Amino acid sequence: MDQKKSNIGLIGLAVMGENLALNMESKGWEVSVYNRTVPGIEEGVVDRFINGRGKGLHIQGYTAIPEFVSSLSLPRKIMMMVRAGEAVDELMEQLFPYLDAGDILIDGGNSNCEDTNRRVALAESKGFRFVGAGVSGGEEGALNGASIMPGGSADAWPEIKPILQSIAAKAPDGTPCCEWIGPAGSGHFVKMIHNGIEYGDMQLIAEAYWSMKQLLGLDNDEMSAVFARWNKGKLRSYLIEITSSILSHKDSNGKYLIDEILDAAGQKGTGKWAVINAMELNMPLGLIASAVFERSLSGQKELREKAHQYFPGDQQASHDNKEEYQEHLFAALYASKLVSYAQGFAVLQQASTQFSWKLDLGQIAKLWRAGCIIRSVFLNDIASAYAAEPASMNLLLTPYFREEIKELLKGWKIVVSDAAREELPVPAFSSALNYFYSLTSQDLPANLVQAQRDYFGAHTFERRDAARGKFFHENWTGHGGDTQSGTYNV
Ligand code: NBP
């Protein structure tokens with residue numbers, strides 16, 4: 001007798017794939033799973049899963065692609081949860097010969113959006129459909145509800161929507177944190193910006209922690225209590241919540257684990273990609289860039305130790321009114337976070353315009369309210385701001401956030417200037433404040449930059465007394481020519 005066909009196939013039984021398969025099965029879907037079997041790497045992955053966590057469930061395991069593919073109902077839906085990069089291309093090539101027209105491949109890994117652009121076009125050229133779906137929430141989200149950002153072949157969405165929305169986290173108002181994002185690699189682009197924002201949030205929280213410790217002299221339990229208090233207000237979020245828990249956590253020896261962990265941060269590349277893509281779009285994303293670079297510098301531990309011998313620093317702060325100062329730190333953290341999201345959403349908006357993606361920014365904010373690492377109450381305020389002003393060019397200029405910034409500015413300035421005086425690094429707080437000052441400056445010294453560019457390279461400049469877009473060149477030295485450099489971007 002023919003075995004019942006599965007509703008969906010899942011490839012890649014590492015931490016994410018296993019949990020997604022279990023999540024799908026728990027929602028009533030019949031699932032087929034496949035993992036490659038490479039001698040010498042790890043054999044028996046499928047057996048281990050089917051006889052372990054998958055035992056007794058509606059999950060069929062396969063170790064050969066043809067049988068795996070033919071176990072699926074038409075049009076086939078195959079979700080790949082494998083390492084981003086070549087593995088996805090290799091798998092696609094292995095799958096293509098066994099697929100029928102209209103079958104759908106979903107890449108749920110952290111793929112680069114440029115790769116997804118290419119893969120959507122390739123799959124569609126062969127009559128298949130391809131969806132790049134960013135999945136956030138880690139192991140726990142994969143099992144109990146993730147935030148999922150699918151984009152690519154639009155006519156695949158009605159086919160996969162019931163499955164993906166069933167395994168997504170539910171926002172407090174009950175809506176699933178999974179909606180169609182747009183064409184081509186837009187889903188992976190949005191996931192990449194999400195990850196960049198995650199880098200920013202983590203760095204900002206780390207700076208608040210460090211300022212509390214170094215400027216106020218608070219101990220771990222006191223700092224844990226401050227974060228717990230902040231988690232009851234406007235900063236309520238998963239990352240603030242776990243920070244409070246991390247700071248009070250003791251290891252089996254009774255020591256605070258936070259003090260035992262080496263201060264060298266790792267990274268897997270999505271923060272870096274976010275910054276590179278922002279640069280390509282000519283959009284400022286300075287806060288996330290400073291978070292990425294600070295992780296890089298933190299990793300140069302030996303160099304920092306040597307540098308410290310030459311410049312031991314001169315920290316002597318101690319604030320009498322610690323309660324009041326905590327409010328200043330709250331202001332610095334909240335205002336900088338506003339800047340980070342304003343920058344990230346402005347990049348999304350620019351990408352949407354440039355690539356004709358028609359992204360719904362308010363909807364994207366809503367997708368991040370549950371299941372993902374940056375989930376927070378604050379995303380409701382962003383969604384509301386876009387509902388009121390869908391075409392807003394910068395979140396900081398929307399009525400609600402304008403008023404918030406006015407309230408926060410005083411404390412934010414105090415923290416950044418105190419940190420500078422006390423030689424305490426707060427690169428994300430200060431990057432955010434400088435962005436805010438530049439953004440709100442009617443005049444900037446870019447006139448001098450333009451003059452220098454024209455002086456040495458005939459790059460031309462616009463004039464204050466002429467229309468925008470009309471370019472001039474000056475023969476600065478009297479012996480330069482009148483030939484202008486072309487206006488182009490490299
Ligand atoms: P990994 O990123 O560690 O990938 C391991 C899986 O990829 C294994 O199943 C492995 O098979 C398979 N694989 C590799 Br490696 N090369 C392959 C190839 N050439 N052909 C077929 N399969 C191949 O697993 P993960 O941490 O579960 O993440 C999966 C994806 O989800 C990644 O893109 C990741 O960036 C993304 N993601 C991860 C998280 C997280 O918290 N971990 C969160 C969100 C998104 P093997 O067993 O034979 O080695």
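Above this note sits the structure.
Only a predicted model underlies this, so the values are computations on that prediction, with no experimental measurement involved.

Quick notes on the rules
- Residues numbered from 1 in each chain as written.
- Predicted model: local features only at pLDDT ≥ 70, side-chain atom pairs only at ≥ 80, totals over all residues.
- Heavy atoms only, no water.
- Axes fitted to C-alpha atoms, helices over the stretch in contact; angles between N-to-C directions.
- Helix = DSSP H or I, 4+ residues; strand = E, 2+ residues; numbered from the N terminus.
- Parallel < 35°, antiparallel > 145°, perpendicular 65-115°, else oblique.
- Left-handed = near helix turned anticlockwise from the far one by under 90°.
- Contact = heavy atoms within 4.5 Å.
- Nonpolar A, V, L, I, M, F, W, Y, C, P; charged D, E, K, R; others polar.
- Disulfide = S-S within 2.5 Å.
- Buried < 20%, exposed > 50% of the residue type's maximum accessible area, 1.4 Å probe, protein only.
- Pairing = 2+ DSSP bridges.
- Right-handed = clockwise from strand over helix to strand, strands pointing away.

**Student:** Just to check I follow, could you spell out the packing of helix α8 (residues 186-214) against helix α12 (residues 286-299) for this structure?
**Tutor:** In a pair of packed helices, the angle between the axes and the distance between the axes together describe the arrangement. With their axes 8 Å apart at the nearest point, α8 and α12 run at an angle of 70 degrees to one another. Looking at the two axes, α8 sits roughly perpendicular to α12. Where α8 crosses over α12, the two elements pack in a sense that is left-handed. Residues G196, I197, Y199, G200, M202, Q203 and L204 of α8 form the contact with α12, whose participating residues are L287, I288, A291, V292, E294 and R295. Residues belonging to the contact of α8 with α12 are distributed by class as follows: 8 nonpolar, 3 polar and 2 charged.

**Student:** Would you take a moment to explain the state of the cysteines for this structure?
**Tutor:** One covalent bond between the sulfur atoms of two cysteine residues makes up a disulfide. If you walk through the whole model with that rule in mind, you get 0 disulfides. Not part of a disulfide, C113 finds its nearest cysteine sulfur in C372, a span of 18 Å. The class of C113 is buried, set by a relative accessible area of 4%. The thiol sulfur of C177 is not disulfide-bonded, and the nearest other cysteine sulfur, from C372, lies at 7.0 Å. Its relative accessible area of 1% is what places C177 among the buried residues.

**Student:** Before we go on, may I ask you to explain the pairing of strand β1 (residues 8-11) in this structure?
**Tutor:** Each regular strand carries side chains that alternate between the two faces of the sheet. The side-chain alternation of β1 yields two buried faces, one formed by I8 and L10 and the other by G9 and I11. Here β1 runs beside strand β2 (residues 31-34); their pairing, made up of 4 bridges, is parallel. Following the sheet pairing, L10 is matched in β2 by V33. Traced from β1 through helix α1 (residues 15-26) to β2, the parallel crossover comes out right-handed. As judged from the 3 bridges shared by β1 and strand β4 (residues 77-80), these two strands associate in the parallel manner. Across the sheet, residue G9 finds its bridge partner in β4, namely I78.

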